[in-house]
Every structure is written in structure tokens, then in C-alpha cells.
Amino acid sequence: MIHLAISDSHLLCAQWSKKEGQPLLTSLSYKKLPRSLSALNNSKTEIISVLNAGLHLIREDVPFEGDKVYVTIPDHYCHSATVALEPELTENDGWEFAEWTITQRWASSGQFEFFGRFFERRIKSVYAIRVSTIFTEPIKLAIQELGGEAVWMGTESSVYFGLNPEKGCTVFHPYTNGYQYFQYSQDSIQSGTARFLKDEWKIHPLAGSEVDKDVFKGKLLFSGKLTDKRKANFKGFRIKQMAALAGLSLERDMVPSGVKEEDLHASTAIATGTIKGVALNFFDKPGLQKFEYEKPISVKKPKAEVKGSEKKKSKEHKAKKKTSFLQPLLSLFFFVTIGAMIAIDQKPELFDPVLKYTDNFFQKVDKPTQDVGKKDVIQALKVLPKNK
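Everything numeric in this text was worked out from a predicted model, so none of it was measured.

Chemist: Looking at this structure, how should I read the overall build of the protein?
Modeler: Scanning the protein from terminus to terminus reveals 8 helices and 16 strands. Considering only contacts in the protein between residues 6 or more positions apart, those separated by 24 or more positions represent 61%. Approximately 25,000 Å² of the protein is accessible, and the part contributed by carbon and sulfur atoms is 54%.

Structure representation (C-alpha cells):
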């Protein structure tokens, strides 16, 4: 599998395979772009040209042929909104209103696609996110031309949802004097900024994200340097520092110079988590997407099964060996017995000597034995000669 991370200044591509059920990193390529994407003023022609140039450089290090490709783009390339639904409003009403909210707040003349999710387990709401078509169809087509299979595309923050799909997660990033957060669960998707002031959290959700308490639910992750001061802010919460390539095996030291620790966090989350069906996919059809997650089933190691089968075969072999040893003896006894019975029946005179000997033997055995009393013993002792 391959993860292609697109940023303003560079492309980062990680490739891994499965070895004994664990991801093994096989290739890692880092290429700076000739021009910053944010400086191209959303010019479709120029952006596609710069990305294609970068992809052909990546291809020299990472072969795409026959591999599944996951793509991430920075969160600030997209705009999103959450709309809470009144009882009388339908799912479609919420979707249209969310689209309208984004269009009104971030007016633009470019071409866009909208993706989202409908929530109803706790609070009925609709989440929508807008992405430019510059980063969907052209990149999907470029991957296919390189021989890869374009499987999934989404924002950087959404890949962390795959690390804890059942209970959700919130990832925090250092941001000016506080933090920027992105929260994902089966009940809501929201983002915003947060600050810890005077021993309490100040949450500032963006665009309709009003469920503040959900920010600290599920798994809490920190992408960046978690200093002692920042740890103190999260006192009372279990927050995990993201570690680059944690859970992956490496064939060798292959991290290129210029790659930062946090640049590899998204690749780590994709390689060790479950993204497809969990996070919104920009390569799928635009519109509302359902949450679809199946918990992986643990499979026993093949070695244990082989040992068990070998042990079973060994027992069966011993049982067969024991049976094959007794079978000739039982057969011989059976045929001798049958033969003797037939002979006695047809020619009994052949067994007269045997029967006569048997009668004499039992007559001798049946004779009464003479009792030896106490007086007889004393008399016998008197007859014995005395030692001189």
C-alpha cells in the first residue's frame, strides 16, 4: 500500500507491505515542489503541472504499479460546516443548508465537490466539507496513469479516526498560543481552536460545531511536540503523543533528510489503522457517506495450526501401528479355535490320548492329602541325628 501526502511545499510518499500481519515499510520518498501550491492562486493548470512533476520524481523511488494508494491533503485546503437539525427538518434539508452555509461563508468562483455525513444516534445533524476539484479527479487520474489503484483521499486529520473507529478520537496540533483540534466519532465531526487559561479549557468551535464536551471524548492524540507545559494542560486526560512510524517495521534506515517527525504521523495512522469506510473519501461519489466499519477478526497463527495437525497425525499413526500389531495374533487365535472345534466334531478319536491324559491328571489332583498333626512333627524331630 502507498500513502501520498500532498502539502504546500512537498510531496511525501510512503510504501509498505504486510509481513506476518504487521506493516513493513519498504520505500519512503520526499520531493520538494518547484513552487508552493498556495502561491498559485487556485490555478488549475499550474497546480496540476506542479503536482505531475512531483509525482514523476516520486515514481523514481516508489513503484505504483498494482498498489493501492491513499492520498491526504492539508485540512486548510477544505472548508466545512455542521448543521443541527430541527425535528421537522429532513436529512436532505440539512445537507442543502450545510452546503449553503459553506458557500456563503467562503465564497469562491472555483469548482468544488461536497462530501458529508448524517448523524442521528444522539443529536440529529449533518456535517459537510468542500474540496476543490483540482485535488480530486486530476490526482486520481495521475495515480491510475502510474499504474496504481486510487482507493481513498481525504484530509490529514481524518486519518486519525481510523485509529479508533468505534469510540472516536480528537487530534490536537500546536497553534499560536493554544491548539487546533479535529474531533471524529460516530456521533459528530467538528473542529476548532482551544486554549487552556486559568486552569480551564476555552473551546472555540468552528462553523456550527457546538458539542464542546465531545472534544475530550474517545482517544486523545497529539501531533507535534508535547512539552511538559503542554502535558500539564492535559492533566486529568489521557493524551497520547503520536510517534513517527510507530507500529511499522523498517528494512533499513530510509527516512530522507528534511522530513520532520510530524510529516510521518499521517502515514503511520494509515498504515496501522482502518481508513476506508470510516473517514470521508473524496475519491467516492460526492454527497453523504455512511459510516461503514467492520472490526478485524483475529486469526490464529498458521504455526500453531500446523503443530496441532502434526500432533493429531502422530496419535493416529500410533493407533494404527498398535492395531496392525494385534490383528495377526487375533486372526491366528480365531482360525485355530475354529479348526479345533471342527476336528472334535468330525473325528473325536484323534483327541482320545489327550482326554485320557487329562483325566489321569485330575484324578491325581483329586486324591485326599494326609493331614500332618503336631505329634507327627515332634516324632520326626526325634528321629533326626544330633550334631556333635
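Chemist: What am I meant to see in the sheet that holds strand β5 (residues 79-84) here?
Modeler: Pairing between the strands of a sheet comes from backbone hydrogen bonds, and it takes one of two forms, parallel or antiparallel. Read from one edge of the open sheet, 4 strands run β5-β7-β6-β16, paired in mixed fashion. Edge positions in the sheet fall to β5 and β16 (287-288), since each of these pairs with one other strand and no more. Bridge count for strand β6 (residues 112-119) against strand β7 (residues 125-132) is 8 bridges, and the pairing is antiparallel. Counted as the bridge partner of G116 is A128 from β7. Packed on one face of the sheet, helix α2 (residues 91-105) meets β5, β6, β7 and β16 and runs near 45° to β7.

Chemist: Looking at this structure, how should I read the packing of aromatic side chains?
Modeler: Ring pairs (aromatic) are described by centroid distance and by the angle formed between their planes. As enumerated under the stated definition, the model contains 19 aromatic pairs in all. Here F172 and F234 contribute two aromatic rings whose centre-to-centre distance is 5.1 Å and whose plane-to-plane angle is 70°, an arrangement assigned as edge-to-face. Residue F172 is found in strand β9 (residues 169-175), and its partner F234 is found in the loop between α4 (228-233) and β14 (239-241); the two are separated by 62 residues along the sequence. Just as F172 is buried, F234 falls in that class too. Relative to Y293, the ring of F291 lies with its centre 6.4 Å away and its plane at 45°, an arrangement referred to as tilted. The class for Y293 is partly exposed, based on a relative accessible area of 22%. Seen from the ring of F112, R130 lies directly overhead, with NZ or CZ sitting 4.1 Å from the centre.

Chemist: Quick question: what am I supposed to make of helix α3 (residues 137-145) here?
Modeler: Each turn of an α-helix holds 3.6 residues, which means side chains three or four residues apart point in the same direction. Of the positions making up α3, those classed as buried are P138, I139, A142 and I143. Viewed end-on, α3 has its buried residues packed into an arc of 135°, placing them on one side of the element. Residues of α3 that are buried in the fold lie against β1 (2-6), α1 (44-59), β4 (68-73) and β8 (149-155). A positive backbone phi angle near 95° is found at G147, which sits one or two residues after α3.

Chemist: Got a minute to help me understand the environment of I270 in this structure?
Modeler: Locating I270 in the fold gives a position in helix α5 (residues 265-272). For the pair I270 and H3, spaced 267 residues apart in sequence, the C-alpha separation works out to 7.6 Å. The residues contacting I270, other than those within four sequence positions of it, are H3, W16, Y70, T72, V159 and I275.

Chemist: Would you take a moment to explain the nonpolar core for this structure?
Modeler: Most often, soluble globular proteins keep nonpolar side chains buried together rather than apart. Counting residues in each nonpolar core, the largest one holds 68 residues, and the members touching the most others are I6, L37, V71, I73, F135 and I139. Excluding residues that lie within four positions of it along the chain, I6 makes contacts with L11, L37, L51, V71, T72, I73, P74, I139 and E156. With 13 residues, the next largest nonpolar core counts Y181, F222, L226 and I239 among its residues.

Chemist: Would you explain α1 in this entry?
Modeler: The end-to-end C-alpha distance of α1, which contains 16 residues, comes to 22 Å, matching closely the 22 Å that a straight helix rising 1.5 Å per residue would cover. All of the buried residues along α1 are I47, V50, L51, G54, L55 and I58. The buried residues of α1 all sit within an arc of 135° when viewed along its axis, so they share a single face. Contact partners of the buried residues in α1: β1, β2 (10-19), β3 (22-32) and α3.

The rules behind these values
Each residue is numbered by its place in its chain's sequence as written, counting from 1. It should be noted that, the model being predicted, local features are given only for residues of pLDDT at least 70 and side-chain atom pairs only at 80 or more, the latter also being counted only at that level, while totals for whole chains, interfaces and linings use all residues. For side-chain calculations, the full set of non-hydrogen atoms in the structure is used, while hydrogens and water are omitted. Each helix is a run of DSSP H or I of at least 4 residues and each strand a run of E of at least 2, with the numbering of both proceeding from the N terminus. Residue contacts are counted whenever heavy atoms from the two residues lie within 4.5 Å of one another. What sets the accessible areas is the Shrake-Rupley method with a 1.4 Å probe; for residues, cover comes only from the shown protein chains. Strand pairing follows a simple DSSP-based rule, namely that at least 2 bridges must link the two strands. Here an axis means a line fitted to C-alpha atoms, over the contact stretch when the element is a helix, while the angle between two N-to-C directions is reported on a 0 to 180 degree scale. When the centres of two rings from Phe, Tyr and Trp lie within 6.5 Å, Trp using its six-membered ring, the rings pair. Their planes under 30 degrees apart give stacked, over 60 give edge-to-face, and anything left gives tilted. Exposure categories follow from relative accessible area, calculated using a 1.4 Å probe and restricted to protein chains: below 20% of the type maximum is buried, above 50% is exposed, and the middle band is partly exposed. For a lysine, the NZ atom is tested; for an arginine, the CZ atom; a charge sits over a ring if that atom is within 6 Å of the ring centre and within 35 degrees of the ring normal. Arc definition: it is the arc formed by the directions from the helix axis to the C-beta atoms. By convention a nonpolar core is built from buried Ala, Val, Leu, Ile, Met, Phe, Trp, Tyr and Cys residues, the set being connected through side-chain atoms within 4.5 Å. Here the expected length of a helix is defined as 1.5 Å per residue gap, with one fewer gap than residues.

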